[in-house]
Amino acid sequence: MENIVDYLKSIKDLLFEEKPFNELDALVLSRLSYIDFRSILKSTKYWSKKKLTDVINEIFIEKEKSNYRFRLKEDMQLLDVLRSSLRYRECYIKSYVYDTVIEEVKQFSAVTFINEEPKQKFMFIAFKGTDGTVTGWKEDFNMAYLETVPAQIEAAKYLKKITRFSSYKTIYVGGHSKGGNLAVYAASQARKNIQNNIKEIYSFDGPGFKDDFLETEGFINIHEKISLFAPQSSIIGRLLSRNYKTYIVQSKKKLLYQHNIYNWKIENNDFVKLDKFTFLSNKIDKVLKDSLSKTTIEERKAIVDELFDIVKDLSKDDVIDFGDGMLDFFKRFKNTFKGKSKETQELILALFTKSKEESPKLYVKPIKNESTLSQTINKFKYTFARKKAKNPKVIDYIDNDTKLIESKESPLLLVEDKTNK
């Protein structure tokens, strides 16, 4: 199954005139906002533009000479395809901003791409998502109770500045994770004539907003142009509220690993889309919304601060630290969890416990003998299909994958339905 790098390989020689800009191109450019351009563009003036392919070549030269690192190994693969792409040969990069201030709980970065292909001129404003630092996570947490966070204010200023003297009549805005939220917020604060020139706003698994924001005039003006793309077990993309188009994309991984866009499946130059979120995604979404809706702003702030304290306790040098692996991580999580308030503990426990009304009822069964794995899986699939036919409310946890076991490091696990037992 293909991913975004494979898509780029398949269309690299097709100009935008031949295959118009689409959501997969938006995902490519949104991902580029995570690339650290500081050392490459430090001598470039804010309004000056450089050819994207030239900048990428400089990054690879820098990588050979220094300790330049890519956040994900797939980022290097993506750039390697891009630098030889005819499709992006007329694409330029400009106005790169990197602004993280720990004291202000602000983590913000943005970059603008302009395509100057004669018949397909457009501007794409990309906002970076959370960078894995504690500062970035704290700002995300604060979205639950603050009217605005510093990154949203900076995003609105950035878009207004970039578009102030722009002659581009086709503008796209996008981002992944928090970057998707910033894209929506910035577009909602733009001048009316700029909002008219914005054709699409892309949020790739980005969190939503407080309910009152969805009723503002600026948001109402652009909400029909917004598209959220989120994996089937999305957690980040379902935080807070939203009332815009949502597309569920199939991911080849599980749980939080689905947030990684390189795990999103693509087929025939389009996302592989599903018609529903998983039971777990719906569960977490319901628990968080129900719990936080019953709190005052002060109570919500107290819970959010305690949740963040857990993240902070699990971090090292401003980055979340998994220590010696997930087992070590969960041991430390258990220790820090004990010291939190009753309200915070109840919220976290509600995410992992089952109410009497919930279906399906599931348990995790260890498979001791790996040689019988194939036989066990076939038996499970037959049993699951038979029970699902009897109970249409049962949600398929297989996610259309025949390969249920992905981890070789942990005990082999199989999720089985016990609804009618």
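This text goes with the structure placed above it.
Please read these numbers as outputs of a predicted model, since none were measured by experiment.

Reading guide: rules and limits
- Residues numbered from 1 in each chain as written.
- Predicted model: local features only at pLDDT ≥ 70, side-chain atom pairs only at ≥ 80, totals over all residues.
- Heavy atoms only, no water.
- Pairing = 2+ DSSP bridges.
- Helix = DSSP H or I, 4+ residues; strand = E, 2+ residues; numbered from the N terminus.
- Contact = heavy atoms within 4.5 Å.
- Axes fitted to C-alpha atoms, helices over the stretch in contact; angles between N-to-C directions.
- Parallel < 35°, antiparallel > 145°, perpendicular 65-115°, else oblique.
- Left-handed = near helix turned anticlockwise from the far one by under 90°.
- Nonpolar A, V, L, I, M, F, W, Y, C, P; charged D, E, K, R; others polar.
- Phe/Tyr/Trp six-rings, centres within 6.5 Å; stacked < 30°, edge-to-face > 60°.
- Buried < 20%, exposed > 50% of the residue type's maximum accessible area, 1.4 Å probe, protein only.
- Lys NZ or Arg CZ within 6 Å of the ring centre and 35° of its normal.

Asks: Sorry if this is basic, but what is going on with the sheet that holds strand 9 (residues 273–274) here?
Replies: Backbone-to-backbone hydrogen bonds pair the strands of a sheet. The strands run either parallel or antiparallel. One open sheet accounts for nine strands, arranged 1-2-3-4-5-6-7-8-9; its pairing is mixed. With one partner strand each, in any of the chains shown, strand 1 (49–51) and strand 9 form the two edges of the open sheet. Across two bridges, the pairing between strand 8 (residues 245–249) and strand 9 is antiparallel. For Val249, the partnering residue across the bridge sits in strand 9 and is Lys273. Relative to strand 3 (residues 106–115), helix 7 (residues 150–163) is tilted by about 25°, and along the sheet it contacts strand 2 (91–101), strand 3, strand 4 (122–127) and strand 5 (171–176). Most of the contacts of helix 8 (residues 178–188) go to strand 5, to which it runs at about 145°, and overall it touches strand 3, strand 4, strand 5, strand 6 (198–204) and strand 7 (226–231).

Asks: Explain the packing of helix 4 (residues 52–65) against helix 5 (residues 73–82) here, please?
Replies: Any two packed helices are characterised by the angle at which their axes cross and by the distance between the axes. Orientation of helix 4 relative to helix 5, taken along the N-to-C sense of each, is 130°, at an axis distance of 9 Å. The angle between the axes of helix 4 and helix 5 places the two elements in the oblique class. The handedness of the crossing between helix 4 and helix 5 is left-handed. Here helix 4 contributes Thr53, Ile56, Ile59, Phe60 and Lys63 to the contact with helix 5, which in turn contributes Met76, Leu79, Asp80 and Leu82. When the residues that make up the contact of helix 4 with helix 5 are grouped by side-chain class, the tally is six nonpolar, one polar and two charged.

Asks: When you look at the packing of aromatic side chains in this model, what are you seeing that I'm missing?
Replies: For any pair of aromatic rings, geometry is given as the distance between the ring centres together with the angle between the planes. Here the structure, examined in full by the defined rule, presents 24 aromatic pairs. Arranged with centres 6.4 Å apart and planes meeting at 50°, the rings of Phe204 and Trp264 form a pair that is tilted. One end of the pair, Phe204, is in strand 6; the other, Trp264, is in the loop between strand 8 and strand 9, and 60 residues separate them in sequence. Residue classification places Phe204 among the buried residues on the basis of a relative accessible area of 0%. Residue Trp264 is classed as buried on the basis of its relative accessible area of 1%. Of the aromatic side chains, those joined through ring pairs into one cluster are Phe16, Phe21, Tyr88, Phe122, Phe124, Tyr172, Tyr202, Phe204, Phe229, Tyr247, Trp264 and Phe271. Positioned above the aromatic ring of Tyr98 is the side chain of Arg38, whose terminal nitrogen or guanidinium carbon lies 3.8 Å from the ring centre. Directly above the aromatic system of Phe60 lies the positively charged group of Arg83, at a separation of 4.0 Å from the ring centroid.

Asks: So what exactly am I meant to see when it comes to the packing of helix 7 against helix 8 here?
Replies: Helix 8 packs onto helix 7 with a crossing angle of 55° between their chain directions and a minimal axis gap of 8 Å. Considering the angle they form, helix 7 stands oblique to helix 8. When you trace helix 7 past helix 8, the crossing you get is right-handed. Residues Ala151, Gln152, Ile153, Ala155, Ala156 and Leu159 of helix 7 pack against Lys178, Asn181, Leu182, Tyr185, Ala186 and Ala187 of helix 8. A per-class count over the contact of helix 7 with helix 8 returns nine nonpolar, two polar and one charged.

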